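Structure assessment
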Amino acid sequence: MSFQTLTSEGPLRLVVVGAGGMGRAWMHTIEADPDTELVGIADLYPAATESAAADLGRDIATGTDLETGTDAVELAKRTGADAIVNATIPEAHHPVTIAALKAGLPVLGEKPVAATVAEGIALAAAAELTGHLFMVSQSRRYNRGLFQAKRQLESLGRIGIVAVDFFKAPRFGGFRDEMDSPLLLDMAIHQFDMARFLLDADPVAVVCEEYNPPWSWYAGNAAATAAFEMEGGARFTFNGSWCSPGFETSWNGAWRVSAEHGTTVWDGDGDPQADPESKAVAEDPGDGIAGSLREFTAALRTGREPMGRVHANLLSLAMVEAAIRSAAEGRRVSMDEILDGSYDTALAATTDADILTVLHSWPSVRDGLNRGSRSD
Ligand SMILES: NC(=O)c1ccc[n+]([C@@H]2O[C@H](COP(=O)([O-])OP(=O)(O)OC[C@H]3O[C@@H](n4cnc5c(N)ncnc54)[C@H](O)[C@@H]3O)[C@@H](O)[C@H]2O)c1
C-alpha cells in the first residue's frame, strides 16, 4: 500500500507535539538535520512549550520564527508544516495522530505506536483511510552495530536462536517505580523489535514469566523471562531485569545469535563479532532518532517503504501484550489471539464512521495489516 509523497522543495517543515523529555530530544535532532526544519512546538501546557523553546535558545516572548500552541493540527496549519512528530505520552498517541492524519498531515510517532494494540489497529486503518504515512520511530533499530550484526548473519545460514540478556539497575523514581510490569511495558519493546529486525521474521507465540527480585525497588515486576516462537521456527529469548546492579549490560542488551554455520555476539555498544569471522560491512542507518528522522524524510520524498510503518510496527507492541498476558495467565499466548481480540476491541471502540468502514473492509486483521509491509 503506497502513501502520499511530498512535492515541496527545501527542508521538511515539522511541528513537534509533546514538549517533554523526548519531544525536546526530537527538537534538537530536527534542528541538527539540514533536511528538516522545526517550525512549531505544541503541548497541552504553554509553560512546557516555552521552556522547550528556551532550551533551543529561542525566546518566544520576543518573537521568533518558532510558533507554539496547544493543538498540533491548528499549529501545523498556521505554520504550513509538512508533517508532525508526535512525542506525547502513549495515551495521547491515538487521538493526536488520528487528528493529524485526517487533517492531511503525515506523522512520525514515538514508540509505542499507541497505548494498546487495539488503538494501534485503529491507527493503521486511519493511515489507510487518509493515504498519509504514519511511521513509528523505534529508535534502537537505528544502530550501526545492529545493522552490522544482521549483515554478518547473512553468511551464517539459518538462524535458530536469538538470545538477549538485559540487566540494568536504573533508579528512575516516579511512575516507573509504581507501575505494573515496568520492564515489559516500558523497556522490552525495544529488544522485541530489534529481534524482529535481526530475524526478519514476525512473532508467532510466547511463553513468559514475570517476577520481582526480593530487593527490587519497583512495586511492579521488574524482571521477566520470555521465549518467543518466531515465524520459520526460530526462538527469541529475552531475559531481563531492571534491578540488577553490577556487570550491567548496555541499554541495547547483550545479544547472542546462533545460526547453522556460526554465531554472532554483540554487547549492544560496540561492533558485533562473528565466529567464523566476517568481513561484511553494513550500511550506516544513522544513530537513534536521527536515523528514524532520516528514514521518514526519505520515505516522504521518494515513496520508499520505511521501517516502522504502523502496520508493521504494531507486531512489536503485540509482543508486549502477549508476554504480559502469558505471565498473568501462566500459559502460551499466540499473536493471533492478541490481534483478533484487539481487532474486536478496535471495532467496538471506534466511533469515527470512516475508520470503522476501513476496519470492516479488512477480511481479517492479518489481511488489514499485510496491506502495509511485513517485519520491516
Ligand atoms: N525512543 C526512546 O528511547 C524513548 C525514550 C523515552 C521516551 N520515549 C517515548 O516518548 C514519548 C514521550 O515520552 P516523554 O518521556 O517525553 O514523556 P513526558 O511526559 O516527559 O512528555 C510528554 C509531553 O506530552 C504532552 N502531552 C500529553 N498529551 C498531549 C496532547 N494530547 N497534546 C499535546 N501535548 C500532550 C505532555 O504535556 C508532556 O509535556 C512516549 O511515547 C515514550 O514512550 C521513547
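Placed above this text is the structure.
Some remarks on the packing of aromatic side chains
Applying the stated criterion across every chain, the model contains 12 aromatic pairs. Geometrically, the ring pair formed by phenylalanine 172 and tryptophan 242 is edge-to-face, given 4.8 Å between the ring centres and 65 degrees between the ring planes. Here the residue phenylalanine 172 occupies a position in the loop between strand E7 (159-167) and helix H7 (175-178), and tryptophan 242 occupies one in the loop between strand E10 (235-241) and strand E11 (254-259), the gap between them amounting to 70 residues. Residue classification places tryptophan 242 among the buried residues on the basis of a relative accessible area of 1%. An aromatic cluster is present here, built from Phe166, Phe172, Trp217, Tyr218, Trp242 and Trp251 joined pairwise through their rings.

Points about the packing of helix H1 (residues 21-32) against helix H10 (residues 289-302)
Two elements in contact, H1 and H10, have axes whose closest approach is 10 Å; the angle formed by their N-to-C orientations is 65 degrees. Like other packed secondary-structure pairs, H1 and H10 cross with a definite hand, here right-handed. Packed against H1, whose contacting residues are Met22, Ala25, Trp26, Thr29 and Ile30, the element H10 presents Ile289, Ala290, Ser292 and Leu293 at the interface. Classifying every residue of the contact of H1 with H10 gives seven nonpolar, two polar and no charged.

A word on the site of the ligand
Surrounding the ligand, one finds 21 residues, the nearest of these being Met22, Asp43, His93, Lys111 and Ser139. Histidine 93 is positioned such that a nitrogen or oxygen atom in its side chain is 3.2 Å from an oxygen atom of the ligand. Between glutamate 110 and the ligand, the recorded distance is 3.4 Å, taken from a side-chain N or O atom to a nitrogen atom. Considered on its own, the ligand offers 860 Å² of accessible surface; in the complex 75% of this is hidden by protein. Contributing elements (two or more residues each) for the shell around the ligand: H1 and helix H4 (90-102). The element best represented in the shell around the ligand is H4, accounting for four residues.

What counts as what
- Residues numbered from 1 in each chain as written.
- Predicted model: local features only at pLDDT ≥ 70, side-chain atom pairs only at ≥ 80, totals over all residues.
- Heavy atoms only, no water.
- Phe/Tyr/Trp six-rings, centres within 6.5 Å; stacked < 30°, edge-to-face > 60°.
- Helix = DSSP H or I, 4+ residues; strand = E, 2+ residues; numbered from the N terminus.
- Buried < 20%, exposed > 50% of the residue type's maximum accessible area, 1.4 Å probe, protein only.
- Axes fitted to C-alpha atoms, helices over the stretch in contact; angles between N-to-C directions.
- Left-handed = near helix turned anticlockwise from the far one by under 90°.
- Contact = heavy atoms within 4.5 Å.
- Nonpolar A, V, L, I, M, F, W, Y, C, P; charged D, E, K, R; others polar.
- Near = heavy atom within 4 Å.
- Polar contact = N/O pair within 3.5 Å; in protein donor to acceptor, adjacent residues only side chain to side chain.
- Areas by Shrake-Rupley, 256 points an atom, 1.4 Å probe, with all protein chains shown as cover.

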